[in-house]
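Fold and geometry: a report
Chain by chain, the residues run as shown.
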Amino acid sequence: MGQGDAAFVVLPDGTTILIDGGGRPGFTTRGEQVDDEEMFEPDRRSIGEAVVSEYLWWRGLDHIDYVLATHADADHIQGLTDVVRNFRVRSAFVARAPADNREYRRFAEALEGRGVPVEVIGAGDTLRAASVEISVLWPRLTTDGALASGNNDSLVLMLQYERRRVLFTGDVEAAAERQLLAQNADVQCDVAKVAHHGSRTSSVADFVERAHASWAIISVGQRSPFRHPAPEVVERWREQGARADHGPLRHDYGDERRRRLAISNLCATVR
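I will try to describe carefully the structure that is included in this document.

In terms of nonpolar packing, the biggest core is built from 29 residues, with L167 and W237 touching the most fellow members. Elements with a contribution of two residues or more to this core: β7 (132-138), β8 (156-161), α4 (174-182), α5 (205-211), β11 (215-218) and α6 (231-239). Take this core: its biggest share by element is four residues, from α4. Ignoring anything within four residues of it in the chain, the contact list for L167 reads L137, V156, L157, M158, V187, C189, V191, A192, K193 and F207.

Right under this line is the structure:
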């Protein structure tokens, strides 16, 4: 997966959800220092083809029920475009539909070409299936196609299965985290997908404390061109008791007598 972000969720009834699909990042992210040696890569198969689609084919899948794009940055949405082209998809969900964004246009064209409906969702919406609830905490709902889809417009989702809670944060930065806190959003969770690949622009101390996660997952390349994750962010999550580990992750919730909820973070690094 490299620097991108993707999480594959299988609900107890077999419903499948892909939250972001990875991709190759651009190198104009505000406030990030880039390693010049990592700026240029040789042509190769896309992340959506070589990693995400291959993983899904390896699992024997020919369809995905739902795809969710947290926002329109290439390293989140680009791979979803490939997945839509390669698999039957029931429906897509987005927070913003920016007509002037190149990566979003490619995604929207792929959806249209495959006849996949897309729905704009926002704070207060809830997706329910198989005793699992996915609540949208951020951003506010809007259908204004002129609005951008940047980091602070990312979908923030809370997945709850029985007493287990998993927080997906996209690339939100400090401003959005503070607004969530000001709104008294319930971000307490067992597992947190750390925002913005562990960048120092995210994971403010109060947000990390409120989340109080047992696991803090950072999806990041082995040699991040943005030098993610920031050491102080890793330490901030550790100080709140988050478990440290490395490698691709899969979380299973349930027992041997019941169908499980399974969440796979593709090629994540857990610090």
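Next comes the rest of the account.
With an omega of 0 degrees, the peptide bond running from W138 to P139 counts as cis. Backbone geometry at A130 places phi at a positive 50 degrees, although glycine is not the residue there. Residue placement: A130 occurs in the loop between β6 (126-129) and β7. Look at A130 and you get partly exposed, because its relative accessible area is 24%. Although it is not a glycine, H196 sits at a positive phi angle of roughly 55 degrees. In this fold, H196 is placed in the loop between β10 (191-193) and α5. We classify H196 as buried; its relative accessible area is 4%.

Between helix α1 (residues 47-58) and helix α2 (residues 74-86), the least distance of the axes is 9 Å, while the angle of their chain directions is 50 degrees. The orientation of α1 relative to α2 falls into the category oblique. At the point where α1 passes α2, the crossing takes the right-handed sense. Across the interface between the two elements, G48, E49, V52, S53, L56 and W57 of α1 pack against G79, D82, V83 and N86 of α2.

Along the chain, S154 falls in the loop between β7 and β8. A relative accessible area of 0% means that S154 is categorised as buried. From its side chain, S154 meets the backbone nitrogen of D171 in a polar contact 3.1 Å long. Contacts of S154, omitting those with residues within four sequence positions, involve T70, H71, W138, P139, T169, G170, D171 and V172.

Before going further, it helps to spend a moment on the environment of D125. With respect to the helices and strands, D125 occurs in the loop between β5 (118-120) and β6. Along the primary structure D125 and S135 are separated by ten residues, whereas in three dimensions their C-alpha atoms are 6.1 Å apart. For D125, the residues in contact, after removing those within four places along its chain, are I134, S135, V136 and L141. Within polar-contact distance, the side chain of D125 engages the backbone nitrogen of G122 at 2.9 Å.

Another point: α6. Among all positions in α6, only V233, V234 and W237 are buried. The buried residues of α6 occupy an angular sector of 100 degrees when the element is viewed end-on, so they sit on one face. Every exposed residue of α6 that faces more than 90 degrees away from the buried side is listed here: P231 and E239. Tucked inside the fold, the buried residues of α6 contact β10, α5 and β11. Positive phi shows up at G241, right after α6, with a value of about 95 degrees.

Attention shifts here to the pattern of salt bridges. In this structure the tally under the stated criterion is eleven salt bridges. Where R90 meets D65, a salt bridge forms, and the shortest distance between an N and an O atom there is 3.0 Å. Of the two residues, R90 is situated in strand β4 (residues 88-94) and D65 in strand β3 (residues 63-69); the sequence distance between them amounts to 25 residues. On the basis of relative accessibility, which here comes to 6%, the residue D65 falls in the buried class. Put simply, R200 and E232 hold a salt bridge, and the shortest N to O gap is 3.0 Å. Highlighted residues: R200 in the loop between β10 and α5 and E232 in helix α6, separated in sequence by 32 residues. Since its relative accessible area comes to 54%, R200 is described here as exposed. One network of salt bridges, with partners in common, ties together R45, E49 and E54.

Definitions and cut-offs
Residues numbered from 1 in each chain as written. Predicted model: local features only at pLDDT ≥ 70, side-chain atom pairs only at ≥ 80, totals over all residues. Heavy atoms only, no water. Core = buried A, V, L, I, M, F, W, Y, C linked by side-chain atoms within 4.5 Å. Buried < 20%, exposed > 50% of the residue type's maximum accessible area, 1.4 Å probe, protein only. Helix = DSSP H or I, 4+ residues; strand = E, 2+ residues; numbered from the N terminus. Contact = heavy atoms within 4.5 Å. Axes fitted to C-alpha atoms, helices over the stretch in contact; angles between N-to-C directions. Parallel < 35°, antiparallel > 145°, perpendicular 65-115°, else oblique. Left-handed = near helix turned anticlockwise from the far one by under 90°. Polar contact = N/O pair within 3.5 Å; in protein donor to acceptor, adjacent residues only side chain to side chain. Arc of directions from axis to C-beta. Salt bridge = Lys/Arg side-chain N within 4 Å of Asp/Glu carboxyl O.

From the geometry alone we can't say anything about function, so treat these as descriptive.
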